[in-house]
Amino acid sequence: KATKLIFVTNVKGVFGNPNLNKPISNLTPAKIDQMIENKNIIEGMIPKVENAKKAILNGVKNVQIVGDLKTEKEWQEILNNENFGTVISGGKYGY
């Protein structure tokens, strides 16, 4: 099984509030459900987090949603750490 899945998109990660300039750093499948229900996650981000949640629930350790990467160093960094975007984790036992 994969230990990490990276979704690259046109935004820096999952934002719970569009007025904030920084994405949420960590989410769980349960928090994703709550944020969708409360309309904190909307529109095009819903399919991304739903697919991330499916991956987690099927055994992937971490899913990282990232975007707006401008330098080669940033692209290399996403492979080696979780300091960019939003990391979804939790799996079957963390739901």
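Here, the structure is the one placed above.
This structure is a prediction, so every number in the text was calculated from the model and none was measured. (Residues numbered from 1 in each chain as written. Predicted model: local features only at pLDDT ≥ 70, side-chain atom pairs only at ≥ 80, totals over all residues. Heavy atoms only, no water.)

**Considerations on the environment of Leu57**
Worth spelling out the cut-off: The helix count covers DSSP runs of H or I at least four residues long, the strand count covers runs of E at least two residues long, and both are numbered beginning at the N terminus. Note on exposure labels: buried denotes an accessible area under 20% of the residue type's maximum, exposed denotes more than 50%, and partly exposed covers the range between, all computed with a 1.4 Å probe on protein chains only.
Residue position: Leu57 is located in helix 2 (residues 45–57). Given a relative accessible area of 26%, Leu57 falls into the partly exposed group. Here the alpha-carbon distance between Leu57 and Ile36, two residues 21 residues apart in the chain, equals 17 Å.

**Here's the deal with unusual backbone geometry**
For Glu43, which is not a glycine, the phi torsion comes out positive at approximately 50°. With respect to the secondary-structure elements, Glu43 resides in the loop between helix 1 (29–37) and helix 2.

**Topic: helix 2**
Just so we agree on the cut-off: Here a helix's expected span is defined as the number of its residues, less one, multiplied by 1.5 Å. Note that the arc is defined by the directions from the helix axis to the C-beta atoms. When checking whether two residues touch, look at their non-hydrogen atoms; a contact exists if any pair is within 4.5 Å.
Taking 1.5 Å per residue, 13 residues should reach 18 Å; helix 2 reaches 18 Å between its end C-alpha atoms and fits that length. Here helix 2 has its buried residues at Met45, Val49, Ala52, Lys53, Ala55 and Ile56. The buried residues of helix 2 occupy an angular sector of 160° when projected down its axis, which confines them to one face. If you follow the buried residues of helix 2, they end up packed against strand 1 (4–9), helix 1, strand 3 (62–67) and strand 4 (86–89).

**Examining the layout of surface pockets**
We count it as follows: Detection works on a 1 Å grid of protein atoms alone, calling trapped sets that fit a 1.4 Å probe cavities and calling open sets with protein on both sides within 12 Å along at least five of seven lines pockets, with lining residues defined by an atom within 4 Å of a point. Grid points are joined across faces, edges and corners, and a volume is the space filled by probe spheres set on the points. We call Asp, Glu, Lys and Arg charged. Ala, Val, Leu, Ile, Met, Phe, Trp, Tyr, Cys and Pro are nonpolar, and the rest, Gly among them, are polar.
Space inside the largest pocket adds up to approximately 270 Å³. As for the largest pocket, its lining consists of 15 residues, of which Phe15, Asn40, Ile41, Ile42 and Met45 are closest to the centre. Looking at the lining of the largest pocket residue by residue, the classes come out as 7 nonpolar, 5 polar and 3 charged.

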